[in-house]
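The residues making up each chain are set out below.
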Amino acid sequence: VADSFDVLVIGAGPGGYMCAHRALQNGLSVAVADNGPSGGVCLNAGCIPTKGFLFGPPQAGGLGERVRQNAAAIGRLQKGVDFLLKGATRLDGRARLVGPGVVDVGGAEIRGRNVVIATGSRPRPLPGLPFDGVRVLSSDHTVVLEAAPESIAIIGAGAVGCEFAEVFSNYGSRVTLIEARDRLVPEMDPWLSKQLERAFKKRGMIVQTGVAVDPSELDGPVLVAIGRQANVEGLGLETVGLTTPNGFIQVDGHGATGVAGVWAIGDVTGPPQLAHRASRQGEIAADCMAGKSPASLDPLAIPACVYTHPQLAQVGRVTGDDLILGEAFFRANGYAVVTDRTDGGVRLFAESATGKLTGALLAGPEVAEMVGLINVLIAAGVTMAQARETVFPHPTLAEVVWEAARAAGSGG
Ligand SMILES: Cc1cc2nc3c(=O)[nH]c(=O)nc-3n(C[C@H](O)[C@H](O)[C@H](O)COP(=O)(O)OP(=O)(O)OC[C@H]3O[C@@H](n4cnc5c(N)ncnc54)[C@H](O)[C@@H]3O)c2cc1C
């Protein structure tokens, strides 16, 4: 095994593997170190298994059956990640910086002209309520749970808490969802929070917002989903002079840490902790290492989605006095009505001066599939009028986007 590389990536999650892949495409020599399976949290305990749980009706064999189906899918997708990394040297082991450009991986010293920290994050416990995997669960425990409990309290109504609330409700648990802030999915626009709260209450979940939990008052299983802390401990950051003032590694829009030759991407760099953000950060950093000058990542251009029913999606700028709004609802959409998926709607925003689209809020069926394409429209400077004058196929759910553009009137 060579012991010196252009790029040494620590962590094979969506940040690390996309960074490594782009670095390989750029003709650089690459090594990727991880002491866990390929794909990181996203593939093994995050994005992918949760979407398996949320898709379709509950399995007859209960959660355990779905866990086994997830495991089979994860196995296939791990092979895909390994294929992406073809050409990179895979180092199995825990990695730790021991000085500028030098990393210890499982006892071997490896040199990297560029070192990329893509070590991700882990569930944050509630003070006074440590995870035990039996009564106090983290998302790591719930993705491999064999059976749904009779009742469960979920603390934290961000994307993870809300998605699991729906999973447990679907599999027959009595769900109490508790959020300290005044609404569900508080990181998203209040209009989306409202759509979800209405649907959850209709389904019989108990939703408590603005409530600080007293752990001693809880009985029965609890899922704590109050956020994730960065994996920064034991990484030897001090050996290169890196600090973590708020628990995360600070980076600029190119993933540069301020220490020459040390980059950081993904969850370890703080919110929004999303797989596609990690991946894009990784690509941008890999282009910089190859001497290219990519644009820095625009935080507003990172879509956020929640895969509940209705699904929620948000992208771009959706507030400001200079914006016009076009709004339409799924209850007036032919495909939604005939397939009985009428919850929610679409809000499109554009600059009143230029008519250019700036952002969108979507609640409803399959909206996570739509928001990426709306993000392309925004990036391309498409106007509300152009969206309105484009032909959408009928009947499709996406016609609601077109209806929202039409509803914005003839201006723009
Ligand atoms: C339940 C759940 C659902 C989610 N759903 C979504 C979703 O739908 N969409 C979305 O965009 N995001 C979702 N996320 C978030 C997403 O999983 C993360 O944003 C993403 O995984 C971050 O990628 P990353 O590359 O930064 O780190 P990670 O995926 O955390 O990968 C980090 C890797 O680094 C390795 N590592 C850590 N320390 C070391 C070390 N010292 N040496 C060697 N290797 C090390 C770990 O083993 C791991 O493989 C979800 C998360 C959870 C928990």
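In case you missed it, the structure is sitting above this.
Conventions and cut-offs
Residues numbered from 1 in each chain as written. Predicted model: local features only at pLDDT ≥ 70, side-chain atom pairs only at ≥ 80, totals over all residues. Heavy atoms only, no water. Buried < 20%, exposed > 50% of the residue type's maximum accessible area, 1.4 Å probe, protein only. Helix = DSSP H or I, 4+ residues; strand = E, 2+ residues; numbered from the N terminus. Pairing = 2+ DSSP bridges. Axes fitted to C-alpha atoms, helices over the stretch in contact; angles between N-to-C directions. Contact = heavy atoms within 4.5 Å. Core = buried A, V, L, I, M, F, W, Y, C linked by side-chain atoms within 4.5 Å. Phe/Tyr/Trp six-rings, centres within 6.5 Å; stacked < 30°, edge-to-face > 60°. Lys NZ or Arg CZ within 6 Å of the ring centre and 35° of its normal. 1 Å grid on protein atoms, 1.4 Å probe; cavity = no way out; pocket = protein on both sides within 12 Å on 5 of 7 lines; lining within 4 Å. Points joined across faces, edges and corners; volume = space filled by probe spheres on them. Salt bridge = Lys/Arg side-chain N within 4 Å of Asp/Glu carboxyl O.

K.L.:
Any details on the pairing of strand β18 (residues 345-351)? Residues and values, ideally.
P.N.:
Buried residues dominate β18, accounting for five of its seven residues. Pairing of strand β17 (residues 323-329) with β18, which is carried by seven bridges, proceeds in the antiparallel orientation. What sits directly across from Leu325, in β18, is Phe349. Inspection of the sheet shows β18 paired to strand β19 (residues 357-364) by six bridges, in the antiparallel sense. Residue pairing across strands places Leu348 opposite Ala360, the latter belonging to β19. Counting the residues in the hairpin turn of β18 and β19 gives five residues, including Gly355, whose phi is positive at 80°.

K.L.:
Hey, could you go over the pairing of strand β16 (residues 311-316) for me, with residue numbers and the actual values?
P.N.:
For β16, a buried count of six out of six residues is recorded, marking the element as mostly surrounded by other parts of the structure. Where strand β15 (residues 304-306) folds back on β16, the antiparallel hairpin that results is connected by four residues.

K.L.:
Requested: an account of the sheet that holds β19, with residues and values cited.
P.N.:
Taken together, the five strands give an open sheet; going across it, the order is β15-β16-β19-β18-β17, and neighbouring strands pair in antiparallel fashion. Each edge of the open sheet is held by one strand with a lone partner, namely β15 and β17. Taken pair by pair, the neighbouring strands of this sheet meet at an average axis angle of 10°, ignoring direction. The pairing of β16 with β19 spans six bridges and is classified as antiparallel. Each residue of the ladder has a partner; that of Gln311, found in β19, is Gly364. Sheet contacts for helix α12 (residues 399-407): β17, β18 and β19; angle to β17, the most-contacted strand, approximately 135°.

K.L.:
Describe in detail the nonpolar core, supporting the description with residues and values.
P.N.:
Nonpolar side chains in soluble globular proteins generally cluster together in the buried interior. With 36 residues, the main nonpolar core has Ile154, Phe168, Leu184 and Phe200 as its most contacted residues. Mapped by element, the contributors of at least two residues to this core are α3 (47-54), α4 (62-84), β9 (151-155), α6 (159-170), β10 (174-179), α7 (190-202) and β19. Tallying contributions element by element places α6 first for this core, with five residues. Judged by nonpolar contacts, the second largest core, of 27 residues, contains Ala336, Ala368, Val382 and Ala404.

K.L.:
Tell me what's going on with the packing of aromatic side chains, and back it up with residues and numbers.
P.N.:
This structure, assessed with the given rule, holds one aromatic pair. Consider the rings of Phe164 and Phe168, whose centres lie 6.3 Å apart with planes at 35°: the pair is tilted. Of this pair, Phe164 and Phe168 both sit in helix α6, four residues apart, which is roughly one turn of that helix. A single burial state applies to Phe164 and to Phe168, both of which are buried. Between Arg331 and the ring centre of Phe329, over which it is positioned, the NZ or CZ distance is 4.6 Å. Over the aromatic face of Tyr335 sits the side chain of Arg341, whose NZ or CZ is 5.4 Å from the ring centroid.

K.L.:
Can you explain the layout of surface pockets? Please cite residues and give values.
P.N.:
When its volume is computed, the second largest pocket comes out at roughly 560 Å³. Along the walls of the second largest pocket sit 20 residues, with Leu54, His309, Gln311, Pro365 and Glu366 positioned nearest its centre. Mapped onto the lining of the second largest pocket, the elements with two or more residues apiece are α3 and α10 (368-379). Sorting elements by how many residues they give to the lining of the second largest pocket places α3 first, with three residues.

K.L.:
Could you give me a rundown of the environment of Met188, with the residues and numbers involved?
P.N.:
One can find Met188 in the loop between β10 and α7. The class of Met188 is buried, set by a relative accessible area of 8%. In this structure, the C-alpha to C-alpha distance between Met188 and Ala304, residues 116 residues apart in sequence, is 8.0 Å.

K.L.:
Lay out the pattern of salt bridges with the relevant residues and their values.
P.N.:
Note that side chains of opposite charge can pair when their charged atoms are close. On inspection of all chains with the given rule, the structure shows 18 salt bridges. Among the salt bridges present, the one from Arg22 reaches Glu283, with a minimum N-O distance of 3.4 Å. On the criterion of sequence distance, the pair formed by Arg22 in helix α1 (residues 14-25) and Glu283 in helix α8 (residues 275-289) is long-range, its members being 261 residues apart. Summarising the burial analysis for this pair, Arg22 and Glu283 share the class buried. One salt bridge in this structure joins Arg68 and Glu146, with 3.4 Å as the shortest N-O distance. Of this pair, Arg68 sits in helix α4 while Glu146 sits in the loop between α5 (139-142) and β9, and the two are 78 residues apart along the sequence.

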